[in-house]
Number of protein chains: 2
Amino acid sequence: MSKAANTRLTILQKAFELIYTKGYQTTSIDEIIATTKVTKGAFYYHFKTKDEMGVAIIEEILKPTMLENFIKPTEKSQNPIDDFYNMISYLLMEDPFLQVKYGCPVGNLTQEMSPWNNKFSEALTELVNQWKTTIIKAIEKGQNGGFVRKDVVPEQVAFFILSGYWGIRNFGKLQNDKSVYVVYLQEFKKYLNTLK
Amino acid sequence: MSKAANTRLTILQKAFELIYTKGYQTTSIDEIIATTKVTKGAFYYHFKTKDEMGVAIIEEILKPTMLENFIKPTEKSQNPIDDFYNMISYLLMEDPFLQVKYGCPVGNLTQEMSPWNNKFSEALTELVNQWKTTIIKAIEKGQNGGFVRKDVVPEQVAFFILSGYWGIRNFGKLQNDKSVYVVYLQEFKKYLNTLK
DNA sequence: TGTTCTTCATACTAATTAGTATTTTTTATG
DNA sequence: CATAAAAAATACTAATTAGTATGAAGAACA
């Protein structure tokens with residue numbers, strides 16, 4: 001990777017971490033260049049505005065991560081019910097990067113940015129739709145394979161799962177304690193079993 | 001109501017509306033006093049800091065609203081399953097104040113403030129716990145009345161319902177379209193029926 | 001090696017921010 | 001009505017904000 005490309009990536013990664021923990025609005029460019037040890041000139045060479053950098057984080061950090069960790073595994077899934085539980089459980093309880101206190105990066109950005117920034121909304125919508133579509137396809141496949149009841153409506157379930165996930169992530173932020181995840185997961189498992 | 005008390009209430013109400021639509025951090029005191037037509041002197045007479053005002057909004061606007069519209073009705077409920085559906089459905093589809101685009105005021109504040117402001121966290125936790133407790137009690141009552149299966153764990157269900165609500169509110173912000181609520185509600189009804 | 005384009009560094013600006021100091025007006029009460 | 005306290009108005013400050021102007025290194029290539 002060229003030195004310039006490396007500078008750009010460093011900015012995106014460090015800025016993403018700051019934004020994940022502090023929020024987008026409250027993360028200043030001065031703070032980003034201080035923690036990355038990149039000068040303002042370098043920053044504005046790579047990104048015309050702060051918002052352009054924000055969208056780049058979604059495109060170049062969040063989307064690829066999403067693809068690797070959730071989309072691809074779900075596409076391989078034969079038994080979606082069990083795999084959904086494992087995926088959500090892993091995300092909530094095991095993932096080494098995500099922290100209870102700071103919630104879900106995608107959920108956070110959606111909450112903060114989507115009502116008044118179109119570029120963010122579009123990028124986030126794409127990302128979320130990709131996840132949703134993958135879940136829907138997995139359920140349909142599960143129905144064909146006899147793992148999921150035929151009267152289940154895949155789109156409804158996809159919305160329900162993703163909503164629950166975002167919601168419990170927000171709950172976690174409030175309580176700052178993984179125990180809420182445990183309680184949630186128990187009911188989540190029960191719900192998933194009704195789809196079998 | 002005294003003129004001073006009226007000034008205070010006006011500030012809280014208008015500030016709440018601004019914060020609901022724009023977020024807390026991005027709502028400036030200058031903007032609040034501009035829309036309320038109250039001077040800075042008056043603002044700082046009533047509130048020592050911006051954060052003090054923020055907490056006052058939770059205590060004096062959100063909590064009473066919550067109590068009137070959700071807690072009290074739920075406490076009266078005989079058949080919680082049906083009433084939960086109606087309550088959430090009303091909130092999502094009918095409530096005249098809440099807008100898809102702006103999500104849930106409590107969820108928004110939690111998302112934005114809880115990781116780094118303790119005063120906000122505490123006030124919000126109290127509020128949410130009150131709602132949660134009310135739901136739990138309603139389920140227990142429903143179990144005694146034969147409306148809810150005995151093997152249902154009330155706390156799990158309460159978390160599951162509230163999470164789903166917060167999550168779909170966030171989804172709504174992203175899509176800015178009530179149709180996501182409709183899809184959600186269909187699955188929500190199915191889920192609730194499994195508790196009968 | 002000299003030149004050109006890419007990448008980065010430095011110093012600045014104008015606007016906005018929360019909050020303060022001080023004075024003036026309004027209200028309540030004797 | 002006089003007076004004191006409550007409530008509000010005005011003008012300010014210091015810090016922070018995103019973004020800019022300009023020039024200096026660095027790399028690529030003739």
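Residues numbered from 1 in each chain as written. Chains lettered and ligands numbered in written order. Predicted model: local features only at pLDDT ≥ 70, side-chain atom pairs only at ≥ 80, totals over all residues. Heavy atoms only, no water.

Where an unreviewed UniProt entry is consulted, chain A appears under the name TetR/AcrR family transcriptional regulator, with the organism given as Flavobacterium potami.

S.K.: Describe the domain arrangement of chain A, naming the residues involved and giving the relevant values.
M.R.: All names here are of chain A. Splitting chain A by domain gives domain 1 (1-47) and domain 2 (49-193). Placing a centre on the C-alpha atoms of domain 1 and another on those of domain 2 gives a separation of 26 Å. The partner domain 2 presents 24 residues to the 21 residues of domain 1 that form the contact. Both faces considered, domain 1 and domain 2 share a buried interface measuring about 1900 Å² in area, 70% of it formed by carbon and sulfur atoms. Broken down residue by residue, the surface that domain 1 buries against domain 2 is led by Phe16, Tyr20 and Tyr24, which jointly contribute 45%. Linking domain 1 with domain 2 are one salt bridge, by the criterion used here. Arg8 is paired through a salt bridge with Glu60; the nearest N and O atoms lie 2.7 Å apart. For the side of domain 1 that touches domain 2, the secondary-structure elements that each account for two or more residues are helix 1 (3-22), helix 2 (29-36) and helix 3 (40-46). Counting residues per element, the side of domain 1 that touches domain 2 draws most heavily on helix 1, which supplies eleven residues. (Domains from an automatic or database assignment. Contact = heavy atoms within 4.5 Å. Buried area = accessible area lost by both parts, 1.4 Å probe. Salt bridge = Lys/Arg side-chain N within 4 Å of Asp/Glu carboxyl O. Helix = DSSP H or I, 4+ residues; strand = E, 2+ residues; numbered from the N terminus.)

S.K.: Any chance you could break down the packing of helix 8 (residues 154-175) of chain A against helix 9 (residues 179-193) of chain B for me, citing the residues and the numbers?
M.R.: Their axes nearest at 8 Å, the elements helix 8 of chain A and helix 9 of chain B cross at an angle of 90°. By the angle class used here, helix 8 of chain A and helix 9 of chain B are roughly perpendicular. Seen from helix 8 of chain A, the contacting residues are Glu155(A), Gln156(A), Val157(A), Phe159(A), Phe160(A) and Ser163(A); seen from helix 9 of chain B, they are Val180(B), Val183(B), Tyr184(B), Gln186(B), Glu187(B), Phe188(B), Lys190(B) and Tyr191(B). Here the residues of the contact of helix 8 of chain A with helix 9 of chain B are counted per class, giving eight nonpolar, three polar and three charged. (Axes fitted to C-alpha atoms, helices over the stretch in contact; angles between N-to-C directions. Parallel < 35°, antiparallel > 145°, perpendicular 65-115°, else oblique. Nonpolar A, V, L, I, M, F, W, Y, C, P; charged D, E, K, R; others polar.)

S.K.: Outline the protein's contact with DNA strand C, listing residues and values.
M.R.: Surrounding DNA strand C, one finds 18 residues, the nearest of these being Thr7(A), Thr39(A), Tyr45(A), His46(A) and Lys50(B). Within 4 Å of the protein, atoms of DNA strand C come from sugar and phosphate in 63% of cases. Within the side chain of Ser28(B), a nitrogen or oxygen atom sits 3.5 Å from a phosphate oxygen of DNA strand C. Tyr44(B) is positioned such that a nitrogen or oxygen atom in its side chain is 3.4 Å from a phosphate oxygen of DNA strand C. Breaking the surface near DNA strand C down by element, the ones donating at least two residues are helix 1 and helix 3 of chain A together with helix 2 (29-36) and helix 3 (40-46) of chain B. The biggest single contributor to the surface near DNA strand C is helix 3 of chain A, with five residues. Along the lines of polarity and charge, the residues of the surface near DNA strand C split into five nonpolar, seven polar and six charged. (Near = heavy atom within 4 Å. Polar contact = N/O pair within 3.5 Å; in protein donor to acceptor, adjacent residues only side chain to side chain.)

S.K.: Go over the relation of the copies chain B and chain A with me, naming the residues and quoting the values.
M.R.: Of the transformation placing chain B onto chain A, the axial shift is 0.0 Å and the rotation is 180°, giving an RMSD of 0.0 Å. Viewed as a symmetry operation, the transformation between the two copies matches a two-fold axis. A high fraction, 100%, of the interface residues of chain B reappear at the interface in chain A, so the copies pair face to face through one surface. (Least-squares fit on C-alpha atoms with pLDDT ≥ 70 in both.)

S.K.: Give a detailed account of the protein's contact with DNA strand D, specifying residues and quantitative values.
M.R.: Taken together, 16 residues sit near DNA strand D, with Lys40(A), Thr7(B), Thr39(B), Tyr45(B) and His46(B) positioned nearest. Here DNA strand D approaches the protein such that, of its atoms within 4 Å, sugar and phosphate make up 65%. Ile29(A) places a polar main-chain atom, nitrogen or oxygen, 3.0 Å from a phosphate oxygen of DNA strand D. The separation between a base oxygen of DNA strand D and a polar side-chain atom of Lys40(A) is 2.9 Å. Broken down by secondary-structure element, the contributors of at least two residues to the surface near DNA strand D are helix 2 and helix 3 of chain A together with helix 1 (3-22) and helix 3 of chain B. No other element matches the five residues that helix 3 of chain B contributes to the surface near DNA strand D. Among the residues forming the surface near DNA strand D, the class breakdown is five nonpolar, seven polar and four charged.

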